[in-house]
Amino acid sequence: MRHEAYIKQCFDLAQRAKGHTAPNPMVGALLVCNGRVIGGGWHHYYGADHAEVNCLRNVSSADKHLIPESTMYVNLEPCAHFGMTPPCADRLVEERVKKVVIANKDPFEKVDGQGIRILKNVGIEVETGILENEGLWVNRRFFCFHKQKRPYIILKWAQSADGFIAPADRSRLQITGIEAQTLSHRWRTEEAAIMVGTTTAINDNPELTARLYEGKQPLRIVLDRDLKVPHTNHVYDNKAATWIVNEQKEILLGNVHSVRLPFGDGLLPALMHKLFDAKILSLIIEGGAALLNSFIDAGLWDEARIFTGEIAIKDGIPAPSLKSDMPAFTSKVGADTLRVSVNKVSDYPYVQGMDL
């Protein structure tokens, strides 16, 4: 039971860096000696020191002699390869840590159990699988990327009280309140990319940036087969890196990359492959209805976040209907209702009580 309590603290530490570590995972670490935490740390951002190194650095001078008697708790297997930083497994061996307790094995092909083998080969005791499902949820984007070879896909939309996503004339209508809007902008800072279709890009002229919440901007992706979106629209404003996926041309101008791909049945698989190559770990789909339904029909989604507002439209474009969904939780966000579901066939099930 104590192992679980410490691993939960590792999850909390890891998620302090949400939105900053990709394409790396979120990792937190604790060093415990005789029931006392003597060090803690997390991976702050991509390219920075990993959680285990920060944890060891934060051990006080007075406690450093206790490191060989201590247990390292970490929510993901220590890395075993030279990337932007040296292998953490080697560092734990150097420090002669007594035991390592891990939530999840690392699926990355350059680790994939090798970190655990390095530790065991020198006699360090290793225990794995502590709160494994919770760990899968925390790093679901990372696990999906390395196992499914595609980004983790989040569907997000707002619908009226009577189930419409937009008025019949497709005019822009703000369905939700400021609280839901702010939360949506926070989510944008936490995901690697955001996508809309041609109709949404033309009619709503969205900026697809996080303006109501401080953080990094996601890669903007617009599916625009015939390049119908005017260059005066926000998606061409160079405020964030942008892909205009089309069938006409391949060209990079400033922050805007026109990406040429064949449309039709092969578009979504080809686009997922392109995003995988670009190390895009997560993708949030914000509309419109046709684009959202194309992902639902293909079974190509992992999580859905649906706001229902108080207003009724009476006539409009019906909101998408999920297939194979498993409700996770429902909560109030201001006056609006947020419903979150996961795909039943997902390898990363929601664990009750966990944060998004």
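Residues numbered from 1 in each chain as written. Predicted model: local features only at pLDDT ≥ 70, side-chain atom pairs only at ≥ 80, totals over all residues. Heavy atoms only, no water.

Undergrad: Explanation requested: the overall build of the chain in the structure shown.
TA: A tally of helices and strands in the chain yields 10 helices and 17 strands. For 356 residues, the compact-globule estimate of 2.2 N^0.38 gives 21 Å, and the chain sits close to it at 22 Å. Based on the C-alpha atoms only, the size of the chain along its principal axes is roughly 70 × 45 × 35 Å. Counting only residues that meet the buried cut, the chain has 55% of its 356 residues in that class. For the chain, long-range pairs separated by at least 24 residues make up 68% of all intrachain contacts whose partners lie at least 6 apart in sequence. Of the roughly 15800 Å² of accessible surface on the chain, a fraction of 48% belongs to carbon and sulfur atoms. Between the mean site of the 41 positive side-chain charges and the mean site of the 42 negative ones, the chain shows a separation of 1 Å. (Helix = DSSP H or I, 4+ residues; strand = E, 2+ residues; numbered from the N terminus. Rg over C-alpha atoms; globule rule 2.2 N^0.38 Å. Buried < 20%, exposed > 50% of the residue type's maximum accessible area, 1.4 Å probe, protein only. Contact = heavy atoms within 4.5 Å. Areas by Shrake-Rupley, 256 points an atom, 1.4 Å probe, with all protein chains shown as cover. Lys, Arg positive; Asp, Glu negative; His and termini not counted. Charge placed at Lys NZ, Arg CZ, Asp CG, Glu CD.)

Undergrad: Hey, could you run me through the side chain of Asn-139 in this one?
TA: Summarising the element assignment, Asn-139 is placed in the loop between α5 (132–138) and α6 (140–148). Using a relative accessible area of 4% as the deciding quantity, one classes Asn-139 as buried. Engagement of the side chain of Asn-139 in a polar contact is seen with the backbone nitrogen of Met-26, the distance being 2.8 Å. Contacts of Asn-139, omitting those with residues within four sequence positions, involve Pro-25, Met-26 and Asn-75. (Polar contact = N/O pair within 3.5 Å; in protein donor to acceptor, adjacent residues only side chain to side chain.)

Undergrad: Explain the sheet that holds strand β11 (residues 251–253) here, please?
TA: Paired through their backbone hydrogen bonds, the strands of a sheet run either parallel or antiparallel. Strand order in this open sheet of 10 strands is β11-β12-β10-β9-β8-β13-β6-β14-β17-β16, and the pairing throughout is mixed. Strand pairing shows two members of the sheet lacking a second neighbour, β11 and β16 (325–333), which therefore form its edges. In this sheet, neighbouring strand axes are inclined to one another by 20 degrees on average, regardless of whether the strands run parallel or antiparallel. Two elements, strand β6 (residues 152–159) and strand β14 (residues 303–308), share six bridges in a ladder whose sense is parallel. Looking across to β14, one finds that Lys-156 is bridged to Arg-305. Its contacts with the sheet put helix α7 (residues 178–190) on β6, β8 (193–197), β13 (282–285), β14, β16 and β17 (336–343), and the angle it makes with β14 is roughly 160 degrees. Those strands touched by helix α9 (residues 267–277) are β6, β8, β9 (219–223), β10 (242–246), β12 (256–260) and β13, and its axis lies near 150 degrees from that of β10. (Pairing = 2+ DSSP bridges. Axes fitted to C-alpha atoms, helices over the stretch in contact; angles between N-to-C directions.)

Undergrad: When you look at the sheet that holds strand β3 (residues 71–76) in this model, what are you seeing that I'm missing?
TA: Read from one edge of the open sheet, five strands run β2-β1-β3-β4-β5, paired in mixed fashion. Of all the strands in the sheet, just β2 (36–42) and β5 (125–127) have a single pairing partner and so form its edges. Strand-to-strand, the axes of this sheet are offset by a mean angle of 20 degrees, without reference to chain direction. Packing against the sheet, helix α1 (residues 2–14) makes contact with β1 (28–33), β2, β3, β4 (99–104) and β5, and its axis sits at approximately 145 degrees to β1.

Undergrad: What is the right way to look at α1 in this model?
TA: Its 13 residues place the ends of α1 19 Å apart at the C-alpha level, agreeing with the 18 Å of an ideal helix rising 1.5 Å per residue. For α1, the full list of buried residues reads Tyr-6, Ile-7, Cys-10, Phe-11, Leu-13 and Ala-14. One side of α1 holds all its buried residues, which, seen down the axis, span an arc of 165 degrees. More than 90 degrees from the buried face of α1, the exposed residues found are Arg-2 and Asp-12. (Expected span 1.5 Å × (residues − 1). Arc of directions from axis to C-beta.)

Undergrad: Which parts of the structure should I look at to understand helix α4 (residues 114–121)?
TA: Counting along an α-helix, one turn takes 3.6 residues, and residues three or four places apart therefore face a common direction. All of the buried residues in α4 are Gly-115, Ile-116, Ile-118 and Leu-119. Along the axis of α4, the buried positions cluster into a sector of 160 degrees, meaning they face one direction only. Packed against the buried residues of α4 are α3 (88–94), β4 and β5.

Undergrad: What exactly am I supposed to notice about the nonpolar core here?
TA: Nonpolar side chains in soluble globular proteins tend to end up buried together. In this structure, Ile-7, Leu-31, Met-72, Tyr-73, Val-100 and Phe-307 are the most contacted members of the largest nonpolar core, which totals 80 residues. If one sorts the elements of this core by residue count, α1 sits on top with six residues. Once residues within four sequence positions are removed from consideration, Tyr-73 is found in contact with His-3, Tyr-6, Ile-7, Cys-10, Gly-28, Ala-29, Leu-30, Val-32 and Val-101. Counting 36 residues, the second largest nonpolar core, distinct from the first, contains Val-245, Ile-280, Phe-295 and Ile-317. (Core = buried A, V, L, I, M, F, W, Y, C linked by side-chain atoms within 4.5 Å.)

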